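Chain and residue survey
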Amino acid sequence: MLLLMTLRSGLAQSKMQTIRFMHTAGRQKTGPNWRSFIQKRCKSTAVSEMAAPARAAVGSLPNSAAERIMGRWLLVCSGMVAGAVILGGVTRLTESGLSMVDWHLIKEMKPPATQEEWQAEFEKYQQFPEFKILNHDMTLNEFKFIWFMEYSHRMWGRAVGLAYILPAVYFWRKGWFSRGMKGRVLGLCGFVCFQGLLGWYMVKSGLEEKPESHDIPRVSQYRLAAHLGSAVVLYCASLWTGLSLLLPRHKLPETRHLLQLRRFTHWTTGLVFLTALSGAFVAGLDAGLVYNSFPKMGDQWIPDDLLAFSPAFKNFFENATTVQFDHRILGISSVAAITGLYYFSRRVPLPRRAKLALNSLIAVAYLQVTLGISTLLLYVPTPLAATHQSGSLALLSMAIWLMNELRRLPK
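Here the structure is a predicted model, which means the values were calculated and not measured. (Residues numbered from 1 in each chain as written. Predicted model: local features only at pLDDT ≥ 70, side-chain atom pairs only at ≥ 80, totals over all residues. Heavy atoms only, no water.)

This next bit is on the overall build of the chain. Within the chain one finds 13 helices and 0 strands. Moving toward the C terminus, one meets the helices and strands of the chain in the order α-α-α-α-α-α-α-α-α-α-α-α-α. When each of the 411 residues of the chain is scored for burial, the buried share is 40%. Of all intrachain contacts in the chain linking residues separated by at least 6 positions in sequence, the fraction that spans at least 24 positions is 78%. (Helix = DSSP H or I, 4+ residues; strand = E, 2+ residues; numbered from the N terminus. Buried < 20%, exposed > 50% of the residue type's maximum accessible area, 1.4 Å probe, protein only. Contact = heavy atoms within 4.5 Å.)

Next comes the structure, spelled out in structure tokens:
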């Protein structure tokens, strides 16, 4: 009862203040009409209340929308890295990688425009071992082809760097990155810059004079493997992070079979990565041009020159026969592991998307081994070899996708 009386008293006082305000406004001859004054006040208040959330929304998005945008950005970046790997493989297969003998971040972005500039570029190339030993009868038009192949690869690499760094700066300023994402993005941007430096370090190894050697000039297979391996790591990290932002996690029952399937998938993905990395040594030593037969190497299962170098461990990195043998074994082991993974997965009830990833993985695995055998038997034709190199990335992508589908729910 006391509360009711207090409320009534408050309402009465408020009413009296309103009447007194209107009466005062009405007596002011020079002031605005009280009705229009109240309408303007109400209108301005309503506009302010509507504008407030709009101002608060500027520069921010709901977490889900921001994650979708960042996930698509990282998938685009991973696709561009894949393009760089494929273009680099074609550059290697066409023996174009040593045509540009300088490295300038900005200056070399403009190709030669006149006949004099092309002739000057060609004369610089003529001073290095590849021209002296391998291409001493090359014409200027032939040089232009290999030069543009390497130029395209370098320009694509710069585009990859911009695709990472510029959106990262924008998203950072918008405040879209969580603390964990900031560390990942810094790592990815730093890694893509490291890739450019590693690429030039690799090219330099093929430009060095080696008076004691009369072999075909080529880049160091160690540096080539490092350059390819770091590119594949960058690709996998971008793909994994992008998929994690875009694909919701499955609520899978944590059974013993599921835990075993996860471990099996992780080990299989590691084996696929190792097989792709061994392909860099095959490319670096032109090991695909020895023993072009399958399943035997020549007339033997294990060739006589498998361990011809001393000490023995050098054979795994410098003996073309051993490098090809290792790549064969790793490729067959990868297909066997993926086949075993496919049959083991039948013990676990998987959601539709995970089954699709698994089916895609085994299909690409058998396609990839078919491409590899065909490339070997046909003496490494450039289109088929480039397709085989692209297939290694496709196979690794399917394995990363499956790992992502089987990842744990956060605690």
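Right, let's talk about the packing of helix α8 (residues 221-246) against helix α9 (residues 256-284) for a bit. Close contact between α8 and α9 brings their axes to 8 Å; oriented N to C, the two are set at 145 degrees. Crossing geometry of α8 relative to α9 is assigned as right-handed. On the side of α8, the interface is formed by Gln221, Tyr222, Leu224, Ala225, Leu228, Gly229, Val232 and Val233, while α9 contributes Phe273, Ala276, Leu277, Ala280, Phe281, Ala283 and Gly284. (Axes fitted to C-alpha atoms, helices over the stretch in contact; angles between N-to-C directions. Left-handed = near helix turned anticlockwise from the far one by under 90°.)

Attention now goes to the UniProt feature "transmembrane region" (unreviewed entry) in the chain. The UniProt feature table records "transmembrane region" (unreviewed entry) at residues 73-93, 155-173, 185-203, 223-247, 267-291, 327-344, 356-380 and 386-403. Annotation note: span residues 356-380, helix share 88%, strand share 0%, distance between end C-alpha atoms 32 Å. Taken end to end, residues 386-403 comprises 100% helix and 0% strand; its first and last C-alpha atoms sit 26 Å apart. (UniProt positions renumbered as here; feature names shortened; annotations may be inferred.)

For soluble globular proteins, the rule of thumb is that nonpolar side chains tend to be buried together. Within the largest apolar cluster, 56 residues are counted, with the highest numbers of intra-cluster contacts made by Trp73, Tyr164 and Leu361. When residues of this core are traced back to their parent elements, those giving at least two are α3 (63-93), α6 (140-174), α7 (179-207), α8, α9, α11 (320-344), α12 (352-377) and α13 (382-405). Counting residues per element, this core draws most heavily on α3, at 10 residues. Excluding residues that lie within four positions of it along the chain, Leu361 makes contacts with Ile338, Leu341, Leu395, Met398, Ala399 and Leu402. In this structure, Trp118, Phe131, Leu140 and Leu207 belong to the second largest nonpolar core, which totals 19 residues. (Core = buried A, V, L, I, M, F, W, Y, C linked by side-chain atoms within 4.5 Å.)

Turning next to the packing of α12 against α13. Interhelical geometry of α12 versus α13 gives an angle of 160 degrees and a closest axis separation of 8 Å. On the basis of the axis angle, α12 is roughly antiparallel to α13. For the crossing formed where α12 meets α13, the hand is left-handed. Counted by class, the contact of α12 with α13 contains 16 nonpolar, 9 polar and 2 charged residues. (Parallel < 35°, antiparallel > 145°, perpendicular 65-115°, else oblique. Nonpolar A, V, L, I, M, F, W, Y, C, P; charged D, E, K, R; others polar.)

Now for α9. Here α9 contains 29 residues, and its C-alpha end-to-end distance of 43 Å stays within 8% of the 42 Å for a straight helix at 1.5 Å per residue. Taken from the residues just after α9, Asp286 is the one with a positive phi, measuring 50 degrees. (Expected span 1.5 Å × (residues − 1).)

To continue, consider the environment of Leu87. With respect to the helices, strands and loops of the structure, Leu87 is situated in helix α3. Distance from Leu87 to Met149, taken between C-alpha atoms, is 8.4 Å for residues 62 residues apart in sequence. Dropping the residues within four chain positions of it, Leu87 is found in contact with Ser152, His153 and Trp156.

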